[in-house]
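A structural walkthrough
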Amino acid sequence: MARKGLPGLTAQIKDKLIQQALERRLKQAADQGKSLDLPARAATGAEGTPEQHQRFDLHPGYQQVRIISEGAARLGIPSPFFKLHEGIAGASTRIDGRSYINYASYNYLALCGHPEVSAAARQAIDRYGTSVSASRLVSGERPVHRELEQAIAATYAVDDAITFVSGHAANVTTIGHLFGSRDLVLHDELIHNSVVQGISLSGARRLSFPHNDPAALDAILGQQRHHFQRVLIVLEGIYSMDGDYPDLPRFVDIKNRHRAFLMVDEAHSFGVMGATGLGIREHFGLRGSDVDIWMGTLSKALAGCGGYIAGESALVEHLKFLAPGFLYSVGMSPPVAAASLAALRLIHSERGRVASLQQRGRSFLAQARAAGVDTGTSAGYAVIPAITGSSIRAARLAAALFERGINVQPILYPAVPEKSARLRFFISCEHSEPEIQQTVAALAEELARL
Ligand code: PMP
């Protein structure tokens, strides 16, 4: 079986490394006096259970984590993960007492940390406390839940919306609940993990189509549609690894012709695309009803934590009564819901933020391209990759930029294919033009040095 998580190695070498690591751990445990021989073949009953099936430290996934971190340490690459930010992380941040220009935050509109957003959260705590402690269905909701959902629905010009405590959970439970074994879910090959997890949970047949290729989707539907009952097509508004976006009107046409449902995940496009930041719908001038399921996250432009689904009443009401991730899970914490509501109102009232974000993104992309950086297919909206071609190069480049006061996250295999390992720059409306110039100059110099 192919092993994931070990960049740039053949399957045989990966298996051998995992085997060696297992043997090392067994030896360590033996040295500490624990019993260790892995029974070659399980005897009958629980006594015959092999050691590796009873111990988390022998779990193959954990072995991969250890190999990656030990390998990085041997190469002298500092871990880029779990950095400790000492204050609000936006266009700048403080890590270990030092200030950095920060490109590792989804705080696109700098609304996390905005005084009105923080004040709304504080007022909600004073009024409702920090938790609603249980499911809204059974234990009741707070006015801020409905205000937020109605504001989201109005923004999309659809009947209603429902909020969940995480964006990931919103995708998993919505797709997992609405579709089943006689259905088909088709998704762009670069779709987010939460969509794939939702499809697995649903038991529906899952097929991917090549990135941003409506003709390929059309062809698959031509062959497959009649084998299934419901069909769902899932896209992202802006793809989180590449920063490009689909030709949404073409996908709307395809879904109409093939009598399918269309779902768009706006995690990275809401607050970012469109003349006033209302997302990919505004960008293309579509109606709310052109897409059946609008999904988005509250953690990015909306400065909170959670996810939403917006659409027709029958969809929202159904999810509110039966989607397990809503029904059996706590309602959003009031201060977090209040923060996202305040952020949404600010998107409507402070239009300059969206305009600066879009201008800074265009400027970063133009300068990076001019400097010969491989930015892939990025459209210059908030997400701009610098493709390095290997995980080791990406990790080294991120470490070199960190030394120079620039914090940017490397994206390594298996989050992307090894050849597409990259740095991923998230733009904020508060990045200044000189900061962008300084960053692109440092990026080009360090790339040349790799
Ligand atoms: N969809 C996409 C496209 C995402 O990028 C993410 C997370 N970054 C999610 C869903 C999950 O959202 P959350 O972080 O709110 O759980």
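Quick caveat, the model's predicted, so the values are computed rather than measured.

What counts and how
- Residues numbered from 1 in each chain as written.
- Predicted model: local features only at pLDDT ≥ 70, side-chain atom pairs only at ≥ 80, totals over all residues.
- Heavy atoms only, no water.
- Helix = DSSP H or I, 4+ residues; strand = E, 2+ residues; numbered from the N terminus.
- Rg over C-alpha atoms; globule rule 2.2 N^0.38 Å.
- Buried < 20%, exposed > 50% of the residue type's maximum accessible area, 1.4 Å probe, protein only.
- Contact = heavy atoms within 4.5 Å.
- Areas by Shrake-Rupley, 256 points an atom, 1.4 Å probe, with all protein chains shown as cover.
- Lys, Arg positive; Asp, Glu negative; His and termini not counted.
- Charge placed at Lys NZ, Arg CZ, Asp CG, Glu CD.
- pLDDT = per-residue confidence, 0-100.
- Pairing = 2+ DSSP bridges.
- Axes fitted to C-alpha atoms, helices over the stretch in contact; angles between N-to-C directions.
- Salt bridge = Lys/Arg side-chain N within 4 Å of Asp/Glu carboxyl O.
- Parallel < 35°, antiparallel > 145°, perpendicular 65-115°, else oblique.
- Left-handed = near helix turned anticlockwise from the far one by under 90°.
- Nonpolar A, V, L, I, M, F, W, Y, C, P; charged D, E, K, R; others polar.
- Near = heavy atom within 4 Å.
- Polar contact = N/O pair within 3.5 Å; in protein donor to acceptor, adjacent residues only side chain to side chain.
- Expected span 1.5 Å × (residues − 1).
- Right-handed = clockwise from strand over helix to strand, strands pointing away.

Regarding its fold elements, the protein chain presents 16 helices and 13 strands. Against the globule reference of 22 Å for 450 residues, the protein chain gives a C-alpha radius of gyration of 24 Å, in line with a compact fold. For the protein chain, the spread of C-alpha atoms along the three principal axes comes to 65 × 55 × 55 Å. When the 450 residues of the protein chain are sorted by exposure, 52% land in the buried category. For the protein chain, the share of sequence-separated contacts (at least 6 apart) that also reach a separation of at least 24 residues comes to 70%. Summed over its atoms, the accessible surface of the protein chain is roughly 20,300 Å², and 53% of this surface lies on carbon and sulfur atoms. Each charge class in the protein chain was averaged separately, 46 positive and 43 negative side chains, and the resulting centres sit 3 Å apart.

What follows is about the confidence of the model for the protein chain. Mean pLDDT over the protein chain stands at 93; residues scoring 70 or higher make up 90%. Long-range and interchain partners of residues 1–8, a stretch whose pLDDT sits below 50, account for 23 contacts in this model, where long-range means more than four residues apart.

The next subject is the sheet that holds strand β13 (residues 422–426). Ordered in space as β10-β13-β12, the three strands form an open sheet in which the pairing is antiparallel. The open sheet has two edge strands, β10 (383–387) and β12 (409–411), and neither has a second partner. In this sheet, adjacent strand axes meet at a mean angle of 35° when their direction is disregarded. Inspection of the sheet shows β12 paired to β13 by three bridges, in the antiparallel sense. Bridge pairing in β13 places P410 opposite L423. Contacts between helix α15 (residues 391–403) and the sheet are confined to β12 and β13, with β13 contributing the most and set at about 45° to the helix.

What follows covers the pattern of salt bridges. By the definition in use, this model includes 18 salt bridges. Beyond isolated ion pairs, a larger network of salt bridges with shared partners links R136, E141, R146, E149, D160 and K320.

Let's shift gears to the packing of helix α5 (residues 143–156) against helix α13 (residues 334–349). Contact geometry for α5 and α13: axes closest at 9 Å, N-to-C directions at 30°. Here α13 runs roughly parallel to α5, going by the angle between their axes. When you trace α5 past α13, the crossing you get is left-handed. Together, V144, H145, E147, L148, A151, I152 and T155 of α5 and P334, A337, A338, S340, L341, L344, R345 and H348 of α13 make up the contact between the two elements. Along the lines of polarity and charge, the residues of the contact of α5 with α13 split into nine nonpolar, four polar and two charged.

So, on to the sheet that holds strand β11 (residues 406–407). Spatial ordering of the open sheet is given by β1-β2-β11, a layout of three strands whose pairing is mixed. Looking at the sheet topology across the chains shown, the edges are occupied by β1 (92–95) and β11. With four bridges joining them, β1 and strand β2 (residues 98–102) adopt antiparallel strand pairing. Counterpart to S92 in the pairing with β2 is I101.

Take the site of the ligand next. Near the ligand there are 16 residues, and of these G167, H168, D265, H268 and K300 occur at the shortest range. For the ligand, an oxygen atom lies 2.8 Å from a polar atom in the side chain of H268. Contact between the ligand and S299: an oxygen atom at 3.5 Å from a side-chain N or O atom of the residue. Expressed as a share of its isolated accessible area of 390 Å², the protein-covered part of the ligand is 85%. Ranked by residue count, the leading element in the shell around the ligand is helix α6 (residues 167–178), at three residues.

Side chains T93 and I95 of β1 all project onto a buried face; the interleaved residues S92 and R94 project onto a face where none is buried. Hairpin remark: β1 followed by β2, antiparallel, with two residues in the connecting loop; positive phi at D96, about 50°.

Our focus in this paragraph is helix α14 (residues 352–370). Relative to the 27 Å expected for 19 residues at 1.5 Å per residue, α14 spans 27 Å between its end C-alpha atoms, a close match to the ideal helical length. Within α14, burial applies to R353, V354, L357, Q358, R360, G361, S363, F364, L365 and A368. Residues of α14 that are buried make contact with β10, β13 and α16 (433–449). Among the residues trailing α14, G372 stands out with phi positive, at a value near 85°.

Across the interface, helix α8 (residues 214–224) lies against helix α9 (residues 248–257) with an axial gap of 10 Å and an inter-helix angle of 5°. When the axes of α8 and α9 are compared, the pair comes out roughly parallel. Contacts from P214, A215, L217, D218 and L221 of α8 reach α9 at R250, F251, I254 and R257. Partitioned by chemical class, the residues of the contact of α8 with α9 number six nonpolar, no polar and three charged.

Moving on, we get to the pairing of strand β5 (residues 205–209). As paired elements, strand β4 (residues 184–188) and β5 share five bridges and run parallel to each other. Across the sheet, V185 pairs through a bridge with R206, a residue of β5. Between the parallel pair β4 and β5, the chain is carried across by helix α7 (residues 193–202), and the sense of this crossover is right-handed.

Take the side chain of R360 next. Looking at the secondary structure, you find R360 in helix α14. Salt bridges are absent for the buried R360, whose nearest opposite-charge side chain, E433, sits at 4.4 Å. Only 2.4 Å separates the side chain of R360 from the side chain of Q359, close enough to count as a polar contact. Not counting residues up to four positions away in its chain, the partners in contact with R360 are I427, S428, H431, S432, E433 and I436.

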